[in-house]
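Results of the structural survey
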Amino acid sequence: MLCEKFDNIRWGSPEAKQFAEYWRSLEPESMVPKRRSFDPTRIANLLPAVAIYEILSPDEIIYRLAGTAIVDRLGMEVTGKNFLDFWPGERRAMAAAAMMECVTRPCGILSKIVGISDKGIIERNVSIGFPMRDDNGECRRMLFFTSDMQGQRTRIPREDQIRRFEAPKNLFIDLTR
């Protein structure tokens, strides 16, 4: 499992860096901020590509919020759906383990994601996620920013939905200051 210090991460885009720095500014005295400290107006330009997940168990990770760019890319509304349903076979267990690691260690994650549509069209992106605590102090939420998906060719998302994901590369992010 690769792990890199927050300050050593190459974020890949100015937007990804903005997202990471904003997350880190939340409750700087705490390694993991509370969800209520997240003020979406402070990163309004990024909101279409932001998602919040609630980790209920290793089998159930629910999209609590999915920005419009994410919904548009996938070709469907995903709020309320189990994130793991997009990960077939052994990849499901790997995705669950990565998310569980983030909320139990805790740590962040930078993942290269491959989305595969019904017609087999492949789109790639980079997703960056950080843990958040609920009002009871439990670390059960993940706040993610997803870069623009890059497709090999044009697809019409509502007609050719992304049905499964793969993550060929994950890098865990050490949150200690």
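Residues numbered from 1 in each chain as written. Predicted model: local features only at pLDDT ≥ 70, side-chain atom pairs only at ≥ 80, totals over all residues. Heavy atoms only, no water.

**A closer look at the pairing of strand β6 (residues 139-146)**
Convention followed: Three exposure classes are used, based on accessible area relative to the maximum for each residue type with a 1.4 Å probe and protein chains only: buried under 20%, partly exposed in between, and exposed over 50%. Comment: elements are numbered from the N terminus, with helices defined as DSSP H or I runs of at least four residues and strands as E runs of at least two. Note on pairing: DSSP must find at least two bridges between two strands before they are called paired.
Counted residue by residue, β6 has 7 buried out of 8 residues, so it is predominantly covered. Looking at chain direction, strand β2 (residues 50-57) and β6 are connected through 5 bridges and run antiparallel. Paired with Glu 54 across the strands is Arg 141, a residue of β6. When strand β5 (residues 122-133) meets β6, the two strands line up antiparallel, connected through 7 bridges. Following the sheet pairing, Pro 131 is matched in β6 by Met 142. Adjacent in sequence and paired antiparallel, β5 and β6 are bridged by 5 residues, among which Gly 137 carries a positive phi angle near 85°.

**Regarding the nonpolar core**
Stated precisely, the cut-off is as follows: Here, nonpolar core refers to any group of buried Ala, Val, Leu, Ile, Met, Phe, Trp, Tyr and Cys residues whose side-chain atoms link them within 4.5 Å. Two residues qualify as a contact provided that any one of their heavy atoms is within 4.5 Å of a heavy atom in the partner residue.
Ranked by size, the top nonpolar core spans 31 residues in total, and within it Tyr 53, Tyr 63, Leu 74, Phe 83, Met 99, Met 142 and Phe 165 carry the most contacts. Counting residues per element, this core draws most heavily on helix α3 (residues 90-104), at 6 residues. With sequence-adjacent residues up to four places away left out, Leu 74 is seen in contact with Tyr 63, Arg 155, Pro 157, Gln 161, Ile 162 and Phe 165. One finds Phe 19, Tyr 22, Leu 46 and Leu 143 within the second-largest nonpolar core, a separate group that totals 24 residues.

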